[in-house]
Amino acid sequence: MDADSPVPPFEQLRAQLARQIQDRTLAVGSRLPTIRRLAADLGLAVNTVGRAYRELEEAGLIETRGRAGSFVSAAGEQARERALQAAADYAAVVASVGIDHSEALRIVEAALRSCEAGSPAS
């Protein structure tokens, strides 16, 4: 964690774990450390790690199985497959209407920026 970052520690942790899940560094079914253990290892408050885990669970990237712990969810893989299918569909539309690759990428980048800003792209 970067203590000098303006990004809150829970968000730094959430983003790091989400990246590891999405790039498959953390495979589906992998058990995550307990909240208390990870908090101690990283020198963070238990509530900070708990919030990161809750947000990952709400996003469907991890699932908590009671006392058994938290695991990387298969739903994360399903979300990746949905994104891949949406990209293939978009590429087919772009090709069918004759938009060149650089313009198609600019459209996607604008849509992603719009989503990050909290307003859905139209």
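In this convention, every chain numbers its residues from 1, walking through the sequence in written order. Local features in this predicted model are restricted to residues whose pLDDT is 70 or higher, and side-chain atom pairs enter the listing and the counts only when it is 80 or higher, whereas totals over whole chains, interfaces and linings include all residues. Side-chain figures throughout are based on the complete set of non-hydrogen atoms in the structure, without hydrogens or water.

## With respect to helix α1 (residues 9–22)
Item 1. Every helix listed is a DSSP run of H or I at least four residues long, and every strand listed is a run of E at least two residues long, numbered separately from the N terminus. What a helix should span is 1.5 Å times the count of its residues minus one. For α1, which comprises 14 residues, the first-to-last C-alpha distance of 20 Å matches the rise-based estimate of 20 Å (1.5 Å per residue) to within 8%.
Item 2. Categorising residues by exposure relies on relative accessible area from a 1.4 Å probe, with only protein chains included: less than 20% of the type maximum marks a residue as buried, more than 50% marks it as exposed, and the intermediate range marks it as partly exposed. Among the residues of α1, F10, Q12, L13, A15, L17, A18 and I21 are the ones counted as buried.
Item 3. Any pair of residues with heavy atoms lying within 4.5 Å of one another is described as a contacting pair. Elements in contact with the buried residues of α1: α2 (35–42), α3 (46–58), β1 (62–64) and β2 (70–72).
Item 4. One or two positions beyond α1, positive phi appears at R24, with a value near 70 degrees.

## Some thoughts on the packing of α1 against α3
Item 1. Running from amino to carboxyl end, α1 crosses α3 at an angle of 45 degrees, the nearest separation of the two axes being 8 Å. Classified by the angle their axes make, α1 and α3 are oblique. Between α1 and α3 lies a crossing of right-handed hand. In this structure, α1 uses P9, F10, E11, L13, R14, L17 and A18 to contact α3, whose residues at the interface are T48, V49, R51, A52, Y53, E55 and L56. Here, axes are lines fitted to C-alpha atoms. For helices the fit covers the stretch in contact, and angles between N-to-C directions go from 0 to 180 degrees. What sets the label is the angle itself: under 35 degrees gives roughly parallel, over 145 gives roughly antiparallel, 65 to 115 gives roughly perpendicular, and the rest give oblique. By the definition used in this description, the sense in which the near helix is turned from the far one sets the handedness, with an anticlockwise turn below a right angle giving left-handed and a clockwise turn giving right-handed.

## Some remarks on the pattern of salt bridges
Item 1. Any Lys or Arg side-chain nitrogen found within 4 Å of a carboxyl oxygen on Asp or Glu counts as a salt bridge. Within the structure shown, the criterion is met by 5 salt bridges.
Item 2. For R65, the salt bridge goes to E63, with nearest N and O atoms at 2.9 Å.
Item 3. Overall, the relative accessible area of 40% leaves R65 in the partly exposed class.
Item 4. Given a relative accessible area of 30%, E63 falls into the partly exposed group.
Item 5. Between R106 and E103 there is a salt bridge, with its nearest N and O atoms 2.7 Å apart. Of this pair, R106 and E103 are both found in helix α5 (residues 101–116), 3 residues apart, which corresponds to roughly one turn of the helix.

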